[in-house]
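Each chain is listed here by its residues.
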Amino acid sequence: MARSDNNSLSTLFALTAQVPKVEFITNDLIDRTIAKARESSRRRMNYNLHSDEAEPVNRLLNAMHRGTFVPVHRHLNPALSESCVVLRGRVGVVIYDDDGRVVERRLVGHKADACGFDIEAGIWHGLVVLEDDTVLFEVKQGPYTPLTAENIAPWSPDAQDVEAQRTFVKALEQSFE
């Protein structure tokens, strides 16, 4: 590299206000996220790789254990798609029609023929964790918006009804045995 090129690079780095973030998804990071999920009353924990929830693309690890409740939901308002790759463990993914009928049921992850899934906006879906220490790498369009009532299926158990949630999760687990 010529001397003038070195000076140009030095100038470029000096003008850069912030070094771009690089983060590796290591086994240690996954293990730490799993440990936090074990301590959580929800039996799951996210580790955000994006710096700000307002970013146009949200990337995260989602560590989950058996028994966690994920409501049947969609991402319609706002219309967002989501993609997941199972890094560890196994989940059962269920796709529903607008009336709550199961359209598709699929094992995803360890010892399954699918290692991930991509769901377009507006599709009712849910999942059940089939192995403790399951970790998904998720990519969703940002900015982050919490699920609203209109995006939670009317047939999904109420967020306050813990017993209905347990029954729902157990039935989903059994449907994948």
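Summary of the structure given here. (Residues numbered from 1 in each chain as written. Predicted model: local features only at pLDDT ≥ 70, side-chain atom pairs only at ≥ 80, totals over all residues. Heavy atoms only, no water.)

## A closer look at the overall build of the protein
Next up, step 1: When its secondary structure is counted, the protein shows three helices and eight strands.
Next up, step 2: Taken from N to C terminus, the helices and strands of the protein fall in the order α-α-β-β-β-β-β-β-β-β-α.
Next up, step 3: When contacts within the protein are restricted to residue pairs at least 6 apart in sequence, those whose partners lie at least 24 apart make up 74%.
Next up, step 4: For the protein, the exposed surface amounts to about 10,800 Å²; the carbon and sulfur share of it is 52%. (Helix = DSSP H or I, 4+ residues; strand = E, 2+ residues; numbered from the N terminus. Contact = heavy atoms within 4.5 Å. Areas by Shrake-Rupley, 256 points an atom, 1.4 Å probe, with all protein chains shown as cover.)

## A short note on the nonpolar core
Next up, step 1: Counting residues in each nonpolar core, the largest one holds 14 residues, and the members touching the most others are M64, V91, V93, V108, F117, L127 and L136.
Next up, step 2: Where this core is concerned, the elements lending two or more residues are strand 3 (82–88), strand 4 (90–96), strand 6 (116–119) and strand 7 (124–129).
Next up, step 3: Per element, the largest residue contribution to this core is three residues, and it comes from strand 4.
Next up, step 4: Setting aside its immediate chain neighbours within four residues, L127 contacts M64, V70, V91, G92, V93, F117 and L136. (Core = buried A, V, L, I, M, F, W, Y, C linked by side-chain atoms within 4.5 Å. Buried < 20%, exposed > 50% of the residue type's maximum accessible area, 1.4 Å probe, protein only.)

## Observations concerning the environment of E131
Next up, step 1: Tracing the chain through its elements places E131 in the loop between strand 7 and strand 8 (134–141).
Next up, step 2: For E131, a relative accessible area of 22% corresponds to the partly exposed category.
Next up, step 3: Residues E131 and H65, 66 residues apart in the sequence, show an inter-C-alpha distance of 6.6 Å.
Next up, step 4: Excluding residues within four positions of it along the chain, E131 makes contact with M64, R66, G89, R90 and H110.
Next up, step 5: Engagement of the side chain of E131 in a polar contact is seen with the side chain of R90, the distance being 3.4 Å. (Polar contact = N/O pair within 3.5 Å; in protein donor to acceptor, adjacent residues only side chain to side chain.)

## Here's the deal with the sheet that holds strand 1 (residues 44–48)
Next up, step 1: Spatially, 1-2-8-3-6 is the arrangement adopted by the five strands of the open sheet, whose pairing is antiparallel. The strands lining the two open edges of the sheet, one partner per strand, are strand 1 and strand 6. The sheet shows a mean angle of 20 degrees between the axes of neighbouring strands, direction not considered.
Next up, step 2: Two elements, strand 2 (residues 57–64) and strand 8, share eight bridges in a ladder whose sense is antiparallel. Along strand 8, the bridge assignment pairs L60 with E138.
Next up, step 3: Set on the sheet, helix 2 (residues 27–39) makes contact with strand 1, strand 2, strand 3 and strand 8; between it and strand 1 the angle comes to about 140 degrees. (Pairing = 2+ DSSP bridges. Axes fitted to C-alpha atoms, helices over the stretch in contact; angles between N-to-C directions.)

## Focus: the packing of aromatic side chains
Next up, step 1: Evaluation of the coordinates by the stated rule reveals three aromatic pairs.
Next up, step 2: Taking 6.1 Å as the distance between ring centres and 80 degrees as the angle between the ring planes, the aromatic pair formed by F69 and F168 counts as edge-to-face. With F69 in the loop between strand 2 and strand 3 and F168 in helix 3 (residues 162–175), this pair connects stretches of sequence that are 99 residues apart.
Next up, step 3: Residue classification places F168 among the buried residues on the basis of a relative accessible area of 17%. (Phe/Tyr/Trp six-rings, centres within 6.5 Å; stacked < 30°, edge-to-face > 60°.)

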